[in-house]
Amino acid sequence: GNHLLHLSFAKMAPTLAEVWGEYEQKMANETKAAQDAFKYNLGVLLSGKSVMIPDSDLKGVDDVHRYENITNTPNAKYLSQTVILKLNGGLGTGMGLDKAKSLLMVTGGCSFLDLIAKQVASMKKQYNTDLRFMLMNSFSTSADTLEALAKYRDLGTGSDLEFVQNKAPKV
């Protein structure tokens with residue numbers, strides 16, 4: 001809410017106790033874990049404590065393996081132990097959309113999501129494996145996305161195909 005207008009001035013920021021009731025009401029239908037996580041993060045934000053990691057604390061990586069130098073032989077058996085996970089949780093409201101950005105048509109009557117589904121189906125067929133596929137949806141993208149993927153039954157349905165991010169109020 002409007003309590004957080006001047007958060008950069010920590011002395012002027014409200015306390016968690018002062019604002020929690022407003023947010024608790026907005027999160028009434030969320031799990032206790034989601035509420036607790038949001039409350040903790042809101043408390044850190046309101047405290048004014050820095051959550052930034054200073055550059056001086058960052059250490060470079062000593063040795064990075066270049067893709068061109070990898071000598072492992074590909075082995076499709078590992079695909080049966082693999083899950084392709086795609087983040088699909090953002091509405092394209094900033095782009096004037098009212099649905100998941102992945103549902104935008106891009107080529108040949110296919111959306112980004114259609115292309116992803118076809119890519120997964122192709123890999124399953126090519127390697128003759130049960131490659132799993134899941135989406136991390138938001139409460140705003142779940143219904144449209146599942147409806148769009150209904151034609152790809154071999155990918156899965158419902159909770160086999162997605163998990164939904166927690167819903168949190170805007171601060």
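For the structure itself, consult the block above.
## Section: unusual backbone geometry
Link 1 in the chain: One non-glycine residue, Asn 128, adopts positive backbone phi at about 50°.
Link 2 in the chain: Residue position: Asn 128 is located in the loop between α3 (112–127) and β4 (132–137).

## Regarding the pattern of salt bridges
Link 1 in the chain: Tallied over the entire structure, the rule returns five salt bridges.
Link 2 in the chain: Residue Lys 32 is joined to Asp 36 by a salt bridge in which the shortest nitrogen-to-oxygen separation is 2.8 Å. Of this pair, Lys 32 and Asp 36 both sit in helix α2 (residues 32–47), four residues apart, roughly one helical turn.
Link 3 in the chain: The exposure class assigned to Lys 32 is exposed, which follows from its relative accessible area of 60%.
Link 4 in the chain: The exposure class assigned to Asp 36 is partly exposed, which follows from its relative accessible area of 40%.

## Looking at the environment of Gly 156
Link 1 in the chain: Mapped onto the elements of the fold, Gly 156 is located in the loop between α4 (142–149) and β5 (162–164).
Link 2 in the chain: Each C-alpha atom of the pair Gly 156 and Val 64 lies 36 Å from the other, and the pair is 92 residues apart in sequence.

## Overview of the nonpolar core
Link 1 in the chain: The biggest cluster of nonpolar side chains holds 15 residues, and the ones touching the most others in it are Val 120, Phe 133, Leu 149 and Leu 155.
Link 2 in the chain: Contributions of two or more residues to this core are made by α3 and β4.
Link 3 in the chain: The element that contributes the greatest number of residues to this core is α3, accounting for four residues.
Link 4 in the chain: Discounting chain neighbours no more than four positions away, the residues touching Leu 155 are Ala 117, Val 120, Lys 124, Phe 133, Leu 149 and Leu 161.
Link 5 in the chain: Counting residues in each nonpolar core, the second largest holds eight residues, with Val 19, Tyr 23, Met 27 and Leu 42 among its members.

## Describing α4
Link 1 in the chain: Listed as buried for α4 are Ser 142, Thr 145 and Leu 149. Buried positions in α4, seen along its axis, are confined to an arc of 70° and lie on one side of it. Seen from the open side of α4, the exposed residues pointing more than 90 degrees away from its buried face are Ala 143 and Glu 147.

## A few points about the sheet that holds strand β1 (residues 83–88)
Link 1 in the chain: Spatially, β1-β4-β5 is the arrangement adopted by the three strands of the open sheet, whose pairing is parallel. Each having just a single partner strand, β1 and β5 make up the two edges of the open sheet. Across the sheet, the mean angle from the axis of one strand to that of its neighbour is 20°, orientation sign disregarded.
Link 2 in the chain: As defined by bridge partners, β1 adjoins β4 across six bridges and the pair is classed as parallel. Within β4, the residue paired with Lys 86 across the bridge is Leu 135.
Link 3 in the chain: Contacts between α4 and the sheet are confined to β1, β4 and β5, with β4 contributing the most and set at about 155° to the helix.

## Concerning the packing of aromatic side chains
Link 1 in the chain: With the rule as written, the count across this model stands at two aromatic pairs.
Link 2 in the chain: Aromatic side chains Trp 20 and Phe 38 sit 6.3 Å apart centroid to centroid with 35° between the ring planes, which places their arrangement in the tilted category. A residue pair is termed long-range when its members are at least 10 positions apart, and Trp 20 in helix α1 (residues 16–26) and Phe 38 in helix α2 qualify at 18 residues. For the pair formed by Trp 20 and Phe 38, the shared burial category is buried.
Link 3 in the chain: Their ring planes at 50° and their centres at 5.7 Å tell us that Tyr 23 and Phe 38 sit as a pair that is tilted. Of this pair, Tyr 23 sits in helix α1 while Phe 38 is found in helix α2, placing the two residues 15 residues apart along the sequence.
Link 4 in the chain: Here Tyr 23 falls in the buried class, since its relative accessible area comes to 0%.

Scoring rules and cut-offs
Chains are numbered independently. Their residues run from 1 in the order of the written sequence. Local features in this predicted model are restricted to residues of pLDDT 70 or higher, and side-chain atom pairs are both shown and tallied only at a pLDDT of 80 or more, whereas totals for entire chains, interfaces and linings draw on every residue. As a rule here, side-chain values come from all non-hydrogen atoms in the structure, and water together with hydrogens is ignored. Per the convention used, a helix needs a DSSP run of H or I reaching at least four residues, while a strand needs a run of E reaching at least two, with both numbered from the N terminus. Salt bridges are defined as contacts in which a side-chain nitrogen from Lys or Arg sits within 4 Å of a carboxyl oxygen from Asp or Glu. Remark: exposure states derive from per-residue accessible area (1.4 Å probe, protein chains only) relative to the maximum for the residue type, with buried under 20%, exposed over 50%, and partly exposed in between. By nonpolar core we mean a set of buried residues, namely Ala, Val, Leu, Ile, Met, Phe, Trp, Tyr and Cys, connected to one another through side-chain atoms within 4.5 Å. In this description, contact between two residues means that some pair of their heavy atoms is separated by no more than 4.5 Å. Each C-beta atom gives one direction from the helix axis, and the arc is the one those directions make. The criterion for strand pairing is that DSSP finds at least two bridges linking the strands in question. Note on geometry: axes are lines fitted to C-alpha atoms, helical ones only across the stretch in contact, with angles between N-to-C directions running from 0 to 180 degrees. Side-chain rings of Phe, Tyr and Trp (the six-membered ring for Trp) are treated as a pair once their centres are within 6.5 Å; stacked means planes under 30 degrees apart, edge-to-face means over 60, and tilted covers the remaining angles.

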